[in-house]
Amino acid sequence: MRRVKLNFAGKEIEFVDRDSALRRVAEEWAVKGTFPVQVVLGPEGCGKSAWLRQSVELLREFGFEVIYVNPINREVLAEFGVASLKDEFLKMVREALAQNALGRLAWLAFDLAKELIRVTRGKIAVIVDDAFQVIGVRESALYVKALLNLIEYPPEHYEKIVTIAATSEGVSRREIGRHTWANLRVMWNMPRDGFRQLYDQLPGDKPPFEEVWKLTGGNPRMLERLYNAGWSVKAVIRDMRDEKGLDAFIDSLTSEEKRWLDEAINDPDTLMSRERIPLMNRLIELNLIIEIPQWRDEYLWIDQPPPEKDPELGGIGRRVAWQSPLHREAVRSALQGLM
């Protein structure tokens with residue numbers, strides 16, 4: 001399999017790791033198709049998009065006509081051979097981008113998949129990356145249902161279809177999970193060996209790997225942010241506090257909620273109680289923590305699951321985890337009023 005080149009920290013690097021996740025694509029989805037829709041959740045910047053870009057290449061090698069859209073990144077790939085459909089699709093994409101109608105990209109991909117089924121009756125893959133944040137919680141569930149209808153009630157007979165939707169937005173998980181329209185699977189940050197391969201590709205002087213590992217928890221975007229900030233942890237934390245409005249968030253909490261948050265910094269599982277769940281939901285909305293399956297069976301995960309409990313590496317609990325150690329440290333900094 002050809003490894004795709006990706007833009008990372010202003011450098012062109014080669015895709016690394018995620019072998020288990022790619023095997024699932026090659027040995028399960030490409031062979032059998034997907035039923036129901038596969039919805040992949042995970043921390044911001046954990047590598048979902050990179051894995052999906054590599055999956056596009058993999059599915060093409062298996063003879064699939066592939067549509068990939070990422071509305072947030074304003075990115076579209078039309079990897080199929082019907083020139084007239086490709087031209088029309090790309091024209092509509094340009095119009096949507098010109099109007100900043102990013103949510104429309106997801107529905108354009110859906111409409112194109114229907115047309116490809118009509119025209120080719122072959123193997124179709126539609127991959128929608130980070131669309132839920134753009135189209136909203138309710139429409140995200142409707143979109144997943146539309147993808148399921150594409151599988152169950154296609155306009156024509158087809159050979160195989162693969163449908164994948166990935167998101168770092170955790171609020172829609174419960175809305176989608178109320179139905180039987182999708183298999184919800186979680187991708188965690190990169191395992192140590194794969195993350196080391198990514199770290200090694202960055203040029204120049206850098207902190208020791210163990211230090212970077214403990215700061216990022218294997219999250220590629222946090223690695224990229226540290227690199228771009230000249231390895232200044234303070235600069236990254238300040239940026240995260242500003243971007244996520246953490247100081248205003250802390251000011252909005254009651255004294256009791258601040259105490260709960262302080263406890264959750266060391267043990268995020270303490271949020272999993274009746275009176276603390278509203279606070280947990282607000283942290284999920286801010287993409288600071290993620291609710292994760294309490295079981296570590298590999299079939300419930302895309303790629304390797306995190307450890308059962310790791311208080312040092314970013315505060316990973318059995319049911320709840322901080323998205324990375326730097327996410328946790330940004331909250332700790334705001335809570336303690338540090339600058």
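Residues numbered from 1 in each chain as written. Predicted model: local features only at pLDDT ≥ 70, side-chain atom pairs only at ≥ 80, totals over all residues. Heavy atoms only, no water.

Colleague: Sorry if this is basic, but what is going on with the overall build of the chain here?
Modeller: When you go through the chain residue by residue, the secondary structure sums to 15 helices and 11 strands. In terms of overall dimensions, the chain is globule-like: its C-alpha atoms have a radius of gyration of 20 Å, near the 20 Å expected for 339 residues. By principal-axis analysis of the C-alpha atoms, the chain measures approximately 60 × 45 × 40 Å. Residue burial in the chain is summarised as follows: out of 339 residues, 54% are buried. Just so you have it, the chain exposes about 14800 Å², and 46% of that area is on carbon and sulfur atoms. Side-chain charges of the chain comprise 48 positive and 52 negative groups, with the mean position of each set lying 1 Å from the other. (Helix = DSSP H or I, 4+ residues; strand = E, 2+ residues; numbered from the N terminus. Rg over C-alpha atoms; globule rule 2.2 N^0.38 Å. Buried < 20%, exposed > 50% of the residue type's maximum accessible area, 1.4 Å probe, protein only. Areas by Shrake-Rupley, 256 points an atom, 1.4 Å probe, with all protein chains shown as cover. Lys, Arg positive; Asp, Glu negative; His and termini not counted. Charge placed at Lys NZ, Arg CZ, Asp CG, Glu CD.)

Colleague: Would you take a moment to explain the pairing of strand β5 (residues 75–79) for this structure?
Modeller: Sheet faces and side chains relate simply in a regular strand, where the side chains alternate between the two faces. Pairing of strand β4 (residues 65–70) with β5, which is carried by five bridges, proceeds in the antiparallel orientation. Bridged to V66 within β5 is E79. Joining the antiparallel neighbours β4 and β5 is a turn of four residues, in which R74 adopts a positive phi near 55 degrees. (Pairing = 2+ DSSP bridges.)

Colleague: Would you mind showing me how to read the nonpolar core here?
Modeller: Nonpolar side chains in soluble globular proteins tend to be buried together. The biggest cluster of nonpolar side chains holds 43 residues, and the ones touching the most others in it are L223, L261, L271, L279, L283, I289 and W322. Ranked by residues supplied to this core, first place goes to helix α15 (residues 325–335) with five residues. Counting 42 residues, the second-largest nonpolar core is a separate cluster that includes F80, I117, I135 and L147. (Core = buried A, V, L, I, M, F, W, Y, C linked by side-chain atoms within 4.5 Å.)

Colleague: Would you mind showing me how to read the packing of aromatic side chains here?
Modeller: Within a pair of aromatic rings, the relevant descriptors are the distance that separates the centres and the angle that separates the planes. This structure, assessed with the given rule, holds eight aromatic pairs. Here F195 and W213 contribute two aromatic rings whose centre-to-centre distance is 5.7 Å and whose plane-to-plane angle is 55 degrees, an arrangement assigned as tilted. Of this pair, F195 sits in helix α8 (residues 192–201) while W213 is found in helix α9 (residues 209–216), placing the two residues 18 residues apart along the sequence. Overall, F195 belongs to the buried group, its relative accessible area being 0%. With a centroid separation of 6.3 Å and an interplanar angle of 25 degrees, the aromatic rings of F209 and W213 are classed as stacked. Taken as a pair, F209 and W213 lie in helix α9 at a separation of four residues, close to a single helical turn. W213 sits in the buried class, given a relative accessible area of 8%. In textbook terms, an aromatic cluster arises when at least three aromatic residues are bridged by ring pairs, as seen for F195, Y199, F209 and W213. Sitting above the plane of the F80 ring, K86 keeps its charged end 5.7 Å from the centroid. Sitting above the plane of the Y199 ring, K206 keeps its charged end 4.5 Å from the centroid. (Phe/Tyr/Trp six-rings, centres within 6.5 Å; stacked < 30°, edge-to-face > 60°. Lys NZ or Arg CZ within 6 Å of the ring centre and 35° of its normal.)

Colleague: Help me out: how do you make sense of the pattern of salt bridges in this one?
Modeller: Proximity of charged atoms lets side chains of opposite charge pair with each other. For the coordinates displayed, the defined rule picks out 21 salt bridges. A salt bridge links E44 to K244, with the nearest nitrogen and oxygen atoms 3.1 Å apart. In this pair, E44 sits in the loop between β3 (37–41) and α2 (48–61) while K244 sits in the loop between α11 (233–243) and α12 (246–251), placing the two residues 200 residues apart along the sequence. K244 carries the same exposure label as E44, and that label is buried. The partner of R319 in a salt bridge is E291, with the nearest N and O atoms 3.9 Å apart. (Salt bridge = Lys/Arg side-chain N within 4 Å of Asp/Glu carboxyl O.)

Colleague: It is not clear to me how α15 should be interpreted in this structure. Could you clarify?
Modeller: In an α-helix there are 3.6 residues to a turn, and that puts residues three or four apart on one side. Taken across its 11 residues, α15 has nine buried, putting it largely inside the fold. When α15 is considered as a whole, its buried residues turn out to be P325, L326, H327, R328, A330, V331, S333, A334 and L335. Lining the buried residues of α15 we find α9, α10 (220–228), α11, α12, α13 (255–266) and β11 (320–322). In the stretch just after α15, G337 is the one whose phi turns positive, near 70 degrees. (Contact = heavy atoms within 4.5 Å.)

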